[in-house]
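Architecture at a glance
The primary structure of each chain is shown beneath.
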Amino acid sequence: MPPPPPDASTDAGTETTPETTPESATVGRADRADQTERADRADVQDTLDLRLPDELIALFGASGATRTAASAQTPAPTAASSAEDLLDHVADWGPATTSAGVFQLVPVRIERDLPLISRWMNDPAVAAFWELAGPDAVTEAHLRDQFDGDGRSVPCLGVLDGTPMSYWEVYRADLDALARHYPARPHDTGLHLLIGGVADRGRGLGTSLLRAVADLVLDRRAACARVIAEPDLRNTPSVSAFLSAGFRFAAEVDLPDKRAALMVRDRALRAVL
């Protein structure tokens, strides 16, 4: 996965400007082989010269052809299917009911979703933190870095009541560069988020969706005990949004491009936060 954007979790545009709010974010094989080969030659020399009936030879030939054909028809595992396993099939997580409506994560398809995501990335409030402003090729490269990886990050559209309105990255924090900067645990799952439309910012929507997606992670990923985020420490409104969504402030961490607030949503505490 590419390095997380400078402030990738609900931080897009969460600095205190008139138009932004907390939710606008954003061993020895050669010797053994020689010995085996010599042994095999000896066995062949000791074997009686037997001839199988023609019927059996024909039967074996037909069986072999059938097996070969079947193997040819069986698709090999794809990179995408192997990749999905790292996050327990995000595409199958299903919808979540929130106070704002029915919300679902839909994995990105570049040919379908690039124009929309690129437009969001060119919003100044978003670009200030994601740093992906420019032609569609800039955003496309960011997305392809995730698709071309091992599946530790899955880019998604956030769809609310049937309308795409946010961009998410669900990723394995324990396998990410972030894990070098905090005491990661197996299957820690991280979130990056930006809310696309200006009209969807500033009304508590980010907090509602953060809580819903964190719950989806914990519900759908049995091995995951924590959901992780790392907003810029200076962005007090964003940190506040995570706190309101049931995350706790765990530590300050120095990342290559920012000093971040490590936010954690614990499975053990989800009923009380």
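Notes on the structure follow. Just so it is clear, the structure is predicted and the values come from calculations on it, not from any experiment.

Topic: the overall build of the chain
- Each helix and strand in the chain was counted, giving eight helices and eight strands.
- Looking at the chain as a whole, 44% of its 273 residues are labelled buried.
- Split by element, the accessible area of the chain, about 14000 Å² in all, is 56% carbon and sulfur.

Examining the environment of Ile195
- Here Ile195 is to be found in strand S5 (residues 189-195).
- Among the residues examined, Ile195 registers a relative accessible area of 0% and is labelled buried.
- Considering only alpha carbons, one finds Ile195 and Ser166, 29 residues apart in sequence, at a separation of 4.3 Å.

Considerations on a nonpolar patch on the surface
- Together, Leu269, Val272 and Leu273 make up an exposed nonpolar region whose accessible area comes to about 260 Å².
- Inspection of the secondary structure puts Val272 in the segment after strand S8 (258-266).

Considerations on helix H8 (residues 236-244)
- Residues of H8 that are buried include every one of Pro237, Ser238, Val239, Ala241 and Phe242, and no others.
- For H8, the secondary structure elements touched by its buried residues are helix H7 (205-220), strand S6 (226-229) and S8.

Definitions and limits used
Residues numbered from 1 in each chain as written. Predicted model: local features only at pLDDT ≥ 70, side-chain atom pairs only at ≥ 80, totals over all residues. Heavy atoms only, no water. Helix = DSSP H or I, 4+ residues; strand = E, 2+ residues; numbered from the N terminus. Buried < 20%, exposed > 50% of the residue type's maximum accessible area, 1.4 Å probe, protein only. Areas by Shrake-Rupley, 256 points an atom, 1.4 Å probe, with all protein chains shown as cover. Patch = residues over 30% accessible without salt bridge, like charges linked within 9 Å, V, L, I, M, F, W, Y side chains within 5 Å. Salt bridge = Lys/Arg side-chain N within 4 Å of Asp/Glu carboxyl O. Contact = heavy atoms within 4.5 Å.

Worth remembering: the numbers are spatial, not functional.
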